[in-house]
Amino acid sequence: MNPVVAIVGRPNVGKSTLFNRIIRTRKAIVEDEPGVTRDRNYGEASWGDRSFTLIDTGGFEPVSRERLPAQIREQIQLAIEEADLIIFLMDGKEGLTPADEEIDRLLRAHHKPLIYTVNKIDSPQHEARVFDFYSLGVDRIFPVSASHGYGVEELLDEITRALPRGGPVVDEERIRVAVVGRPNVGKSSWINRVLGQERLLVDDRPGTTRDAIDTPFAIGPRKYLLIDTAGIRRKKKIGLRLEKYAVVEALKSIDRCDVALLLLDPFEKVTEQDARIGGFIQEKGRACVIAVNKWDQVKKDNTTVKTYTEEIRQGLKHLAYAPIVFISALTGQRVRKTLDLIDQVATAHQKRVGTSLLNTFVREAVERFPPRVHRGKRGKIYFVTQASTKPPTFVAFVNDPDAIHFSYERYLINQIRERFDFQGTPIRIYFRPRG
Ligand code: GDP
Ligand code: GDP
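Okay, so let's go over this structure. In this text the structure is predicted, and so the values were computed from the model without any measurement.

What to know about the packing of aromatic side chains
Part 1 of the reasoning: Within this structure, the stated rule accounts for eleven aromatic pairs.
Part 2 of the reasoning: Ring plane angle 80 degrees and centroid distance 6.1 Å describe the contact between phenylalanine 394 and phenylalanine 422, whose orientation is recorded as edge-to-face. With phenylalanine 394 in strand β16 (residues 393–398) and phenylalanine 422 in the loop between α14 (406–420) and β17 (428–433), this pair connects stretches of sequence that are 28 residues apart. Accessibility classification places phenylalanine 394 together with phenylalanine 422 in one group, the buried group.
Part 3 of the reasoning: Across from the ring centre of tyrosine 382, 3.8 Å away, lies the NZ or CZ of arginine 434, which sits over that ring.

In structure tokens form, the structure reads like this:
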């Protein structure tokens, strides 16, 4: 998902002119959708290495120009709900108006990044017109001429600078994280460590709504939702600590997550229950991080990590795609690293690869290692496309799906994983006969 930038301002300040200037080289994305007005209200823009979706909120104004305050409110509401960044556009020819001041107050009540911009500064001689607007009490105002292009590059520089960084994880809604594992493995400890002690006081009433059970939190720009957090704590309180309940609990929260954090006990290593949970994570197509907890209690030498890794890989075959980290929820060791890994696998989980890049790569992979004859036929792959994300799912059009051995499927999955950085997420390929 691209970040969204909205242009807000009174009618006639030049919003649609500025919109068109920024979009100009790119096609508006909603152009051919039925039921959408022909106005180009949404468009894709890019500048430098950043791309973003631009909204001209003026395009959503009711035709009547009388209801100015209501219409501005709606426009601003839209911008606040949809946008990561707001360009507040004013008219340098008219000067600062009371309506501008009202918009300013509305915008400031929320905490969206704002860029103050004064339009219709068509030549350097007009620059002085901008001074007036500093009475709004802002540090920086960008003079532009939407119709002549003056100042627009500087504005674009500022937009790309102010946009949230960090790719899709930041722009998407929260990463939904399920913390799973056997009783006593350290789930509550990990959660408490991550949330900080004060969050322990968060509502613990039984039977509260799902929202109360899930716990949102953020670290810098990264937003998460811990699934069923209060549930984990409550179970503890009432002493319901049986293994089988733990598995049912895990299955329920895995069902609702993007990323499963599977905690393992360093002394038990991989139990049958862990393997079942692991199988479920894979089957459900969830991204996964495996964390061996209580690492502070383990006597280590320089082969310990290797030995553990091998045993875990052996016991959790379904989760071969998941990175492993050795942590201590008690001391905090590598808890931050666990979060970094969660971000990484979440990014992979929702990543999309362009069709032409994908096909060039798959063609090469097939040339390097062509399918063997299987069931009397040699498989041929004509075309591959990514059909969906979460998990990344590909459709390969072939001469005959039966001619593709599952080991060949695995080869392709591994190649795609390596080349396009799909670490930590399952990948699916469906083979379809070319129609
Ligand atoms: P909106 O209602 O905010 O979308 O404003 P428009 O983009 O429709 O522009 C309103 C009027 O201002 C039009 O007549 C534009 O030609 C004019 N306009 C827009 N940008 C500029 C500019 O940079 N300089 C001058 N002089 N006029 C502009
Ligand atoms: P849960 O049942 O999975 O939520 O596990 P808890 O978080 O309640 O932890 C069970 C026990 O293990 C508690 O006594 C914790 O203090 C302890 N524990 C949790 N994490 C660690 C750790 O990293 N190191 C050590 N030494 N003890 C831990």
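That shown, we press on.
Structural notes on the pattern of salt bridges
Part 1 of the reasoning: Under the defined criterion, the tally for this structure stands at 14 salt bridges.
Part 2 of the reasoning: Residue arginine 108 is joined to aspartate 104 by a salt bridge in which the shortest nitrogen-to-oxygen separation is 3.0 Å. Of this pair, arginine 108 and aspartate 104 are both found in helix α3 (residues 98–108), four residues apart, which corresponds to roughly one turn of the helix.
Part 3 of the reasoning: Judged by relative accessible area, which is 37%, arginine 108 ranks as partly exposed.
Part 4 of the reasoning: Between lysine 306 and glutamate 310 there is a salt bridge, with the nearest N and O atoms lying 3.3 Å from each other. Taken together, the positions of lysine 306 and glutamate 310, both in helix α11 (residues 304–315) and four residues apart, correspond to about one turn of that helix.
Part 5 of the reasoning: In the salt-bridge network here, residues are joined through shared partners; they are Arg10, Glu94 and Asp100.

Brief notes about the pairing of strand β5 (residues 114–119)
Part 1 of the reasoning: Most of β5 is tucked away, with five of its six residues classed as buried.
Part 2 of the reasoning: Relative to β5, strand β4 (residues 85–91) runs parallel, the two being bridged by six bridges. Counterpart to aspartate 91 in the pairing with β5 is asparagine 119.
Part 3 of the reasoning: Note on the crossover from β4 through α3 to β5: the handedness is right-handed.
Part 4 of the reasoning: Here β5 pairs with strand β6 (residues 141–143) via three bridges, running parallel.

So, the site of ligand 1
Part 1 of the reasoning: Close to ligand 1 lie 15 residues, the nearest being Asn12, Lys15, Ser16, Thr17 and Asp122.
Part 2 of the reasoning: Within the backbone of glycine 14, an N or O atom sits 3.0 Å from an oxygen atom of ligand 1.
Part 3 of the reasoning: Contact between ligand 1 and threonine 17: an oxygen atom at 2.5 Å from a side-chain N or O atom of the residue.
Part 4 of the reasoning: No other element matches the three residues that helix α1 (residues 15–23) contributes to the shell around ligand 1.
Part 5 of the reasoning: When the residues that make up the shell around ligand 1 are grouped by side-chain class, the tally is three nonpolar, seven polar and five charged.

Focus on the sheet that holds strand β3 (residues 50–56)
Part 1 of the reasoning: On the basis of which strands lie adjacent, the open sheet formed by six strands has the order β2-β3-β1-β4-β5-β6 and mixed pairing. Of all the strands in the sheet, the pair left with one neighbour each is β2 (42–47) and β6. Taken over all neighbouring pairs, the strand axes of this sheet differ in orientation by 30 degrees on average, direction set aside.
Part 2 of the reasoning: Pairing between β2 and β3: six bridges, direction antiparallel. Pairing of serine 46 across the sheet is with serine 51, part of β3.
Part 3 of the reasoning: Sitting on the sheet, α1 touches β1 (4–8), β2, β3 and β4, and the angle it makes with β3 is about 155 degrees.
Part 4 of the reasoning: Helix-sheet contacts for α3 involve β1, β4 and β5, and the interaxial angle to β4 is about 170 degrees.

Reading the values: the criteria
- Starting from 1, residues in each chain are numbered consecutively following that chain's sequence as written.
- The order in which chains are written sets their letters, starting at A; the order in which ligands are written sets their numbers, starting at 1.
- Local features in this predicted model are restricted to residues of pLDDT 70 or higher, and side-chain atom pairs are both shown and tallied only at a pLDDT of 80 or more, whereas totals for entire chains, interfaces and linings draw on every residue.
- Hydrogens and waters are ignored; side-chain quantities use all the structure's heavy atoms.
- Under the pairing criterion, centres of Phe, Tyr and Trp rings, with the six-membered ring standing for Trp, must be within 6.5 Å; the plane angle then separates stacked pairs below 30 degrees from edge-to-face pairs above 60, leaving the rest tilted.
- Only runs of H or I of at least four residues qualify as helices and only runs of E of at least two qualify as strands under DSSP, and these elements are numbered from the N terminus.
- Think of it in three bands: residues with accessible area under 20% of the maximum for their type are buried, residues over 50% are exposed, and the middle band is partly exposed, with areas taken using a 1.4 Å probe on protein chains only.
- Any Lys NZ or Arg CZ that is within 6 Å of a ring centre and within 35 degrees of that ring's normal is treated as a charge sitting over the ring.
- In the sections that follow, a salt bridge refers to a side-chain nitrogen of Lys or Arg positioned within 4 Å of a carboxyl oxygen of Asp or Glu.
- Only when DSSP finds a minimum of two bridges between them are two strands counted as paired.
- When the strands point away from the viewer, a crossover counts as right-handed if the path from the first strand over the helix to the second runs clockwise.
- Proximity criterion: a residue is near a molecule or strand once any of its heavy atoms comes within 4 Å of it.
- In protein, a polar contact requires one atom able to donate a hydrogen and another able to accept it; more generally it is a pair of N or O atoms within 3.5 Å, and residues adjacent in sequence count only if both atoms are side-chain atoms.
- Charged residues are taken to be Asp, Glu, Lys and Arg, nonpolar residues to be Ala, Val, Leu, Ile, Met, Phe, Trp, Tyr, Cys and Pro, and polar residues to be all remaining types, Gly included.
- Lines fitted to C-alpha atoms define the axes here, with helix axes fitted over just the stretch in contact, and angles between the N-to-C directions of these axes take values from 0 to 180 degrees.
- Between two residues, a contact is recorded if the distance between any of their heavy atoms is within 4.5 Å.

By themselves these figures say nothing about function.
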